[in-house]
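The chain contents come next:
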Amino acid sequence: MPILSFSSSDDLSILRNEIEIFNSDLKLLRDSNWLSSEENRQEKKHASIVFAVDNAEQAQKAIKKKLYIAELQLVAESYKSAETKTQCQKCQKLGHSTKHCINQECCQICAEKHYTKHHKCHICQIVGIECSHSKLKCRNCDENHKSNSQICSIWEKQASLSVSPAKSDVAMKNSADFAVVISHVR
Ligand SMILES: [Zn+2]
Ligand SMILES: [Zn+2]
Ligand SMILES: [Zn+2]
Ligand SMILES: [Zn+2]
């Protein structure tokens with residue numbers, strides 16, 4: 001989406017109207033919002049927006065055909081950010097929950113093959129938690145932090161994977177299930 005045309009929150013309401021008028025079978029649940037932060041938008045001319053639609057069928061329709069917004073033709077892709085932020089507490093990988101894990105257990109503290117709760121320090125004998133002797137290792141990037149560390153670069157990578165590359169212009173999603181990313185027609 002062109003950022004300048006829709007810079008205020010009033011503009012985002014107008015945008016919602018436009019989307020509904022020019023795509024008569026789409027119904028938005030609430031105003032759309034920018035996918036990236038205001039800071040991140042400053043150097044760009046185009047950025048993605050997110051909006052929620054009424055049901056999965058509408059999301060599917062939006063994915064299949066072009067949308068007309070602000071005199072632009074846009075295409076939709078599905079938007080998945082919620083699940084990429086899930087981290088398994090058993091194997092420490094991203095994208096699935098502990099309940100559904102079929103991988104071997106991996107320690108969140110040292111990345112060895114044991115459950116985090118069985119992690120043991122051989123110096124102070126403390127079990128299941130990090131101590132000052134812990135040699136931290138991340139199972140996702142091999143750096144010396146815990147696997148759930150927010151400084152891990154894997155989180156950023158996951159986040160950018162959920163949005164389609166530079167061409168991506170508009171995104172829409174339902175906060176629950178019907179998530180779609182819309183990108184500019186090439
Ligand atoms: Zn797992
Ligand atoms: Zn361990
Ligand atoms: Zn210790
Ligand atoms: Zn890491």
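Residues numbered from 1 in each chain as written. Chains lettered and ligands numbered in written order. Predicted model: local features only at pLDDT ≥ 70, side-chain atom pairs only at ≥ 80, totals over all residues.

A. Representation of the overall build of the chain in the model. Within the chain, the secondary structure is distributed over 4 helices and 6 strands. When the helices and strands of the chain are read in sequence order from the N terminus, they spell out α-β-α-β-α-β-β-α-β-β. Here the chain, with 186 residues, has 28% of them falling under the buried criterion. For the chain, restricting intrachain contacts to residue pairs at least 6 apart in sequence, the fraction spanning at least 24 positions comes to 48%. (Helix = DSSP H or I, 4+ residues; strand = E, 2+ residues; numbered from the N terminus. Buried ≥ 20, exposed ≤ 12 C-beta atoms within 10 Å, placed from the backbone. Contact = placed C-beta atoms within 7 Å.)

B. Region of the structure containing the environment of His-96. By the secondary structure assignment, His-96 is in the loop between strand S4 (72-78) and helix H4 (153-162). Given 16 C-beta atoms within 10 Å, His-96 falls into the partly exposed group. Remark: the alpha-carbon pair of His-96 and Lys-85, spanning 11 residues in sequence, is separated by 8.9 Å. His-96 has contacts with Thr-86, Cys-88 and Cys-101, leaving out every residue within four places of it along the chain.

C. Just the confidence of the model for the chain, in detail. When pLDDT is averaged across the chain, the result is 77; 78% of the residues are at 70 or more. By mean pLDDT, strand S5 (residues 168-172) is the weakest element of the chain at 39, and helix H1 (residues 9-22) is the strongest at 82. Note on residues 162-179: pLDDT is under 50 here. Beyond four places in sequence and across chains, it has 66 contacts. (pLDDT = per-residue confidence, 0-100.)

D. Fine view of helix H3 (residues 56-64). Of the positions making up H3, those classed as buried are Gln-58, Ala-59 and Ala-62. When H3 is viewed along its axis, its buried side chains cluster within an angular range of 100 degrees and face the same direction. Away from its buried face, by an angle of more than 90 degrees, H3 presents the exposed residues Glu-57 and Lys-64. (Arc of directions from axis to C-beta.)

E. Highlighting the nonpolar core. If you look at the biggest cluster of nonpolar residues, it comprises 18 residues, and the most contacted ones within it are Ile-49, Ala-62 and Leu-67. Counting only elements with at least two residues in this core, the list comes to H1, strand S2 (49-50), H3, strand S3 (67-69) and S4. In terms of residues, this core owes the most to one element, S4, which gives 3 residues. (Core = buried A, V, L, I, M, F, W, Y, C linked by C-beta atoms within 7 Å.)

F. Structural context of unusual backbone geometry. Residues other than glycine seldom take positive phi values, yet Gln-92 does so here, at roughly 75 degrees. Following the sequence through the fold, Gln-92 ends up in the loop between S4 and H4. By the C-beta count within 10 Å, which is 23 here, Gln-92 ends up buried. The phi dihedral of Gln-125 falls on the positive side, at around 65 degrees, and the residue is not glycine.

G. Main features of the environment of Asp-54. Relative to the elements of secondary structure, Asp-54 occurs in the loop between S2 and H3. Taking the C-alpha atoms as reference points, Asp-54 and Leu-26, 28 residues apart in sequence, are found 8.0 Å from one another. Setting aside chain neighbours within four positions, we find Asp-54 in contact with Lys-27 and Leu-29.

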